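Structural overview for review
Take a look at the letters that make up each chain.
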Amino acid sequence: MLTANPEPLAPFLDAVLLGDGEELLPIFIDNIRAGINLPRAQRLHALAKIPGIYIPALYMPQYDSEGNLKSVDPITPDIPAKVSKQTWRNSNLACSTVITPDAAWPEIYMLEVARGCPELCRFCLASYSNLPFRAASLQDALIPAVERGLAVTKRLGLLGASVTQHPQFNELLCWLDKDHFDGTHVSISSVRASTVTPELGRILAKRGSKSLTIAIESGSDRIRRLVNKKLEPEEIVAAAHYARDAGLSRLKIYGMVGLPTEEESDIEATAELLLRLKKNVKGLHLTLSVSTFVPKAHTPFQWQGVRPEAEKRLKILAKYLKPKGISLRAESYGWSLIQALLARSDRRLAPVIATVRGSQESLGGWKRAYRAVRSGEIGTGPDLLPLPPAWEKLVHEDWPTTSVLPWLHITGHFGLEILAEQRLRALEL
């Protein structure tokens, strides 16, 4: 979330690089080297003129008499009023440069097949912040990269928010199906359920995978339409059948609670869909990994708050699913509140972050620190910023689309008008 809304951490950072790093990072390093003998303030000033580099100290938030944010403005006229993210458009995407048994995924060569997602689910930061959807060239990038990686390890991980929507993904699958890759283990990140085929399941099973991961967000047709998840129940059921019939033993499903306008009947629809899969696709172990909706900057749902009902609805899912042998991995509701705090705040959160660092990182610790700052017990920094808004307003309240957002000086792919139109279209459902 840092590059979507860097403001809560702004007082701690000299520079924030926004967007893709392939070109931006070398430019940043070259400029640091070129100005190494210059005064610090002059070096930061020069960096601020480079597209994609945000220097927080050169921007100042303005507040009205009631402590509401009015704007975040550059302190000198030669600094851009808005900072734009940088986008890498080359056909070569990221891959592992270090392979080690000590990694989170040990001894796996990670290869980014595609960047971004064309589906634009209305809650999804990964989709809205990584536009446009870009696919690595099969012949010029993917095949050479796989060959380099498999010279070091026999474990290959294919990454991307929407891997199977690569326009040449079927050709990549066919190439990995060759006898040359016998003994190679291939794993794949979450795939779109409607793109799961018998061939995908067969090749993953042949290459050592035991599981498949899909994201459905909700078992409710209405909620999937609301978030722009273009997915039918039959496609979800078909994906489960294809996985089981191919020899895969586990299906992991991503879901969400607390989405705007969600009702308990929508949660029951999710449980009913999982129970239907359990009954009709025997021999496939099901896991529902569920999180609470958290608003993200630069998405249509950035104005929505975290719904308190979400905590109860996580428990409803557990009540329905666990007795039937369906695994439920629920992200902590408390951690979702902390995420929302970080996602929606401005620089006035910095003293809270400093207070909780290392000793009070529970939800209770965050709330105590927030109360201390709100009461004036802990100062808001050398600039004597106003006190932050009430916890309820910041975390749970739905904001009007006329609100001045802390990240308005960071440009997204879409303007506010388009995002607000998408939000309205969703809520009208």
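The shown structure was predicted, so the numbers you read here are calculated from the model rather than taken from an experiment.

Helix and strand counts for the protein stand at 15 helices and 15 strands. Over its C-alpha trace the protein gives a radius of gyration of 23 Å, about what one expects of a compact globule, namely 22 Å for 429 residues. Dimensions of the protein, computed from the C-alpha atoms along their principal axes, are close to 65 × 55 × 40 Å. Counting only residues that meet the buried cut, the protein has 49% of its 429 residues in that class. A separation of at least 24 residues holds for 72% of the contacts in the protein among residues at least 6 apart in sequence. Treating the 52 positive side-chain charges of the protein as one cloud and the 46 negative ones as another, the clouds have centres 4 Å apart.

As a packed pair, helix 11 (residues 333-344) and helix 13 (residues 363-374) sit with axes 9 Å apart at the nearest point and diverge in direction by 40°. With respect to helix 13, the axis of helix 11 lies oblique. Between helix 11 and helix 13, the residues in contact are Gly334, Leu337, Ile338, Leu341 and Leu342 and Leu363, Trp366 and Tyr370, respectively. By residue class, the composition of the contact of helix 11 with helix 13 is 7 nonpolar, 1 polar and no charged.

Moving on, we get to the side chain of serine 127. If you trace the backbone, serine 127 turns up in helix 3 (residues 125-129). Given the relative accessible area of 1%, serine 127 is considered buried. With sequence-adjacent residues up to four places away left out, serine 127 is seen in contact with Cys117, Glu119, Leu120 and Cys121.

Moving on: a nonpolar patch on the surface. A cluster of nonpolar side chains, contributed by Leu2, Leu9 and Phe12, occupies part of the molecular surface with about 240 Å² of accessible area. Topologically, leucine 2 is positioned in the segment before strand 1 (16-17).

A word on the sheet that holds strand 10 (residues 185-188). The strand order 6-9-10 describes an open sheet built from 3 strands, whose pairing is parallel. Two strands lie at the open edges of the sheet, namely strand 6 (109-112) and strand 10, each paired on one side alone. Here the strands of the sheet are splayed against their neighbours by 20° on average, with no regard to which way each runs. Relative to strand 9 (residues 155-159), strand 6 runs parallel, the two being bridged by 4 bridges. Residue pairing in the sheet places leucine 111 in a bridge with leucine 158 of strand 9. On top of the sheet, helix 4 (residues 138-150) reaches strand 6 and strand 9; it is set at about 170° to strand 6, its chief contact.

Relative to the helices and strands, alanine 372 is located in helix 13. On the basis of relative accessible area, alanine 372 is assigned to the buried category, the value being 9%. For the pair alanine 372 and proline 323, spaced 49 residues apart in sequence, the C-alpha separation works out to 43 Å. Among residues more than four places away in sequence, those in contact with alanine 372 are Glu377 and Ile378.

This part takes up the packing of helix 9 (residues 264-280) against helix 10 (residues 309-321). Between helix 9 and helix 10, the shortest axis-to-axis distance is 10 Å and the interhelical angle comes to 30°. When the axes of helix 9 and helix 10 are compared, the pair comes out roughly parallel. The interaxial crossing formed by helix 9 with helix 10 has right-handed handedness. Here helix 9 contributes Glu264, Ile267, Glu268, Thr270, Ala271, Leu274 and Leu275 to the contact with helix 10, which in turn contributes Lys312, Arg313, Ile316, Leu317, Tyr320 and Leu321. Looking at the contact of helix 9 with helix 10 residue by residue, the classes come out as 8 nonpolar, 1 polar and 4 charged.

This part is about helix 11. What sets the pattern is the α-helix's 3.6 residues per turn: residues three or four places apart point alike. Between its first and last C-alpha, helix 11 extends 17 Å over 12 residues, near the 16 Å set by a 1.5 Å rise per residue. With 10 of 12 residues buried, helix 11 is to be regarded as a mostly interior element. Buried within helix 11 we find Tyr333, Gly334, Ser336, Leu337, Ile338, Gln339, Ala340, Leu341, Ala343 and Arg344. Looking at where helix 11 begins, the residue whose side-chain oxygen comes 3.2 Å from the main-chain nitrogen of glycine 334 is serine 332.

Taken as a whole and assessed by the stated rule, the structure comprises 5 aromatic pairs. Seen in terms of ring centroids, tyrosine 128 and phenylalanine 414 are 5.8 Å apart; in terms of plane orientation they differ by 65°. Their pairing is edge-to-face. In this pair, tyrosine 128 is assigned in helix 3 and phenylalanine 414 in the loop between strand 15 (410-411) and helix 15 (416-427), connecting sequence segments 286 residues apart. Assessed through its relative accessible area of 5%, tyrosine 128 is described here as buried. Pairing phenylalanine 293 with phenylalanine 301 gives two aromatic rings, centres 6.0 Å apart and planes at 85°, and the pair type is edge-to-face. Like phenylalanine 293, the residue phenylalanine 301 is buried in the burial classification. Here the basic side chain of lysine 319 rests over the ring of tyrosine 320, its NZ or CZ set 5.1 Å away from the ring centre. One cation-aromatic arrangement involves arginine 344 over tryptophan 399; the distance from NZ or CZ to the ring centre is 3.7 Å.

Parameters at a glance
Residues numbered from 1 in each chain as written. Predicted model: local features only at pLDDT ≥ 70, side-chain atom pairs only at ≥ 80, totals over all residues. Heavy atoms only, no water. Helix = DSSP H or I, 4+ residues; strand = E, 2+ residues; numbered from the N terminus. Rg over C-alpha atoms; globule rule 2.2 N^0.38 Å. Buried < 20%, exposed > 50% of the residue type's maximum accessible area, 1.4 Å probe, protein only. Contact = heavy atoms within 4.5 Å. Lys, Arg positive; Asp, Glu negative; His and termini not counted. Charge placed at Lys NZ, Arg CZ, Asp CG, Glu CD. Axes fitted to C-alpha atoms, helices over the stretch in contact; angles between N-to-C directions. Parallel < 35°, antiparallel > 145°, perpendicular 65-115°, else oblique. Nonpolar A, V, L, I, M, F, W, Y, C, P; charged D, E, K, R; others polar. Patch = residues over 30% accessible without salt bridge, like charges linked within 9 Å, V, L, I, M, F, W, Y side chains within 5 Å. Areas by Shrake-Rupley, 256 points an atom, 1.4 Å probe, with all protein chains shown as cover. Salt bridge = Lys/Arg side-chain N within 4 Å of Asp/Glu carboxyl O. Pairing = 2+ DSSP bridges. Left-handed = near helix turned anticlockwise from the far one by under 90°. Expected span 1.5 Å × (residues − 1). Polar contact = N/O pair within 3.5 Å; in protein donor to acceptor, adjacent residues only side chain to side chain. Phe/Tyr/Trp six-rings, centres within 6.5 Å; stacked < 30°, edge-to-face > 60°. Lys NZ or Arg CZ within 6 Å of the ring centre and 35° of its normal.

Purely spatial values, then, with no claim about function.
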